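Here is what each chain is made of, one letter per residue.
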Amino acid sequence: MRGFSTLELVLFVGFALVLVPGAWGWSKEGHIMTCRIAQSLLEPDAAHAVENLLPHHVDGDLSALCVWPDQVRHWYKYRWTSSLHFIDTPDDACTFQYSRDCHDSHGLKNMCIVGAIRNFTTQLSHYREGTSDRRYNMTEALLFLSHFMGDIHQPMHVGFTSDEGGNTIELRWFRHKSNLHHVWDREIILTALADYYDKDMELLLKDIVANFTDGIWYDDVSAWKDCDNLMNCPNKYATESINISCKWGYKGVEPGATLADEYFDSRMPIVMKRIAQGGIRLAMYLNRVFGDQKEEFAAAT
């Protein structure tokens, strides 16, 4: 019987923790759908690379470990990754500027989602150099990139500094207590699953895929994949998220408010679209990083 390597054991424990409530970023459902969309769109070279990098026990399923970075972010070894899951912007500025906003609480530069996507994309670009290159852990780089491409498309992960992206804005979601960040992380997804899909995520995912393969988003997909420089495009994704946060996330929300049908009905399509965009863009990144065409990793701004 094949045993686990040290890395696989760490990843296996992380995968088990996915079942424990209290994730950050998209909920496990959001990350799973993002990664399933991406994996279904991989070209042969990228599909082979992803399968080769994944631990044996997940049987080639990228989505099985897309929540792993949330589960290990407070472990001592991975504590440094905690600030990579979000971007805090100046209150009410409703803009993202890399030089101003991409840092951790101690002012260390490049420590935000955009910096993380750049870093792990660059690491994966060395995949073709072979296993003799020990500078990077390619499996972890794949999992981090896949996760952070989901996080950057969750609008409240690019939010205001004072309320920690809505985490400190306590409110009620229908009849139970929550906070604004968690509403966007999971509440909207879970309510959609309960109200329209009999709690079946596969049905919801099928609808999301249908909307971009031949449905209401079909004409927009080529624009979603438009990216001249993989190092600069995450700036665009972060800008989209802070714009959505301002227009749809924070708007009309006060601490202690009750959010219900009106908020859910108007925001649910946005959440589903962002999951689709994250999946399509993750596939684009992996196809370009692992593909035959030489990708230029020019200096980002």
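In this text the structure is predicted, and so the values were computed from the model without any measurement. The residue numbers shown here count from 1 along each chain, following its written sequence. This being a predicted model, a pLDDT of at least 70 is required before a residue's local features are given, and a value of 80 or more before pairs of side-chain atoms are given or counted; all residues contribute to the totals for chains, interfaces and linings. Hydrogens are left out, water is left out, and the side-chain values use all remaining heavy atoms of the structure.

A. View of the state of the cysteines. A pair of cysteine sulfur atoms is labelled a disulfide when the two atoms are within 2.5 Å. The tally for this structure, following the rule as stated, stands at four disulfides. The disulfide bridge from C227 ends at C233, spanning 2.1 Å between sulfur atoms. Note on the C227 and C233 pair: the S-S dihedral is about 120 degrees, so by sign convention the disulfide is right-handed. On the accessibility criterion, C233 (9% relative accessible area) is buried. The connectivity of the disulfide-linked cysteines in the protein chain, indexed sequentially, is 1-2, 3-8, 4-5, 6-7. Relative accessibility under 20% of the residue-type maximum defines a buried residue, over 50% an exposed one, and the middle range a partly exposed one, all with a 1.4 Å probe and only protein chains included.

B. Structural context of the pairing of strand β4 (residues 176–179). Pairing between two strands requires that DSSP report at least two bridges joining them. Secondary structure is summarised from DSSP: a helix means a run of H or I of at least four residues, a strand means a run of E of at least two, and numbering begins at the N terminus for each. In the sheet, strand β3 (residues 170–173) pairs with β4 via four bridges, with the strands oriented antiparallel. Residue pairing in the sheet places L171 in a bridge with S178 of β4. If you look at the hairpin formed by β3 and β4, you'll find two residues sitting between the two strands, and F174 has a positive phi there, around 55 degrees.

C. Spatial organisation of the side chain of R267. Assignment of secondary structure puts R267 in helix α12 (residues 261–290). Only four residue types enter the charge count: Lys and Arg as positive, Asp and Glu as negative, with His and the chain ends excluded. For salt bridges, the criterion is a side-chain nitrogen of Lys or Arg within 4 Å of an Asp or Glu carboxyl oxygen. Salt bridges are absent for the buried R267, whose nearest opposite-charge side chain, E262, sits at 6.2 Å. Setting aside residues up to four positions removed in sequence, R267 forms contacts with W184, I188, W248 and K251. Whether two residues touch is decided by their heavy atoms; if any such pair falls within 4.5 Å, the residues are in contact.

D. Structural detail: the nonpolar core. Definition used in this section: a nonpolar core is a set of buried Ala, Val, Leu, Ile, Met, Phe, Trp, Tyr and Cys residues joined via side-chain atoms within 4.5 Å. L124, L180 and W184 are the most contacted members of the largest nonpolar core, which has 92 residues in total. Here this core takes 16 residues from α12, the largest share from any one element. Aside from chain neighbours lying at most four places away, what touches L124 is L53, M138, A141, L142, L145, L286, V289 and F290.

On their own, these measurements won't tell you what the molecule is for.
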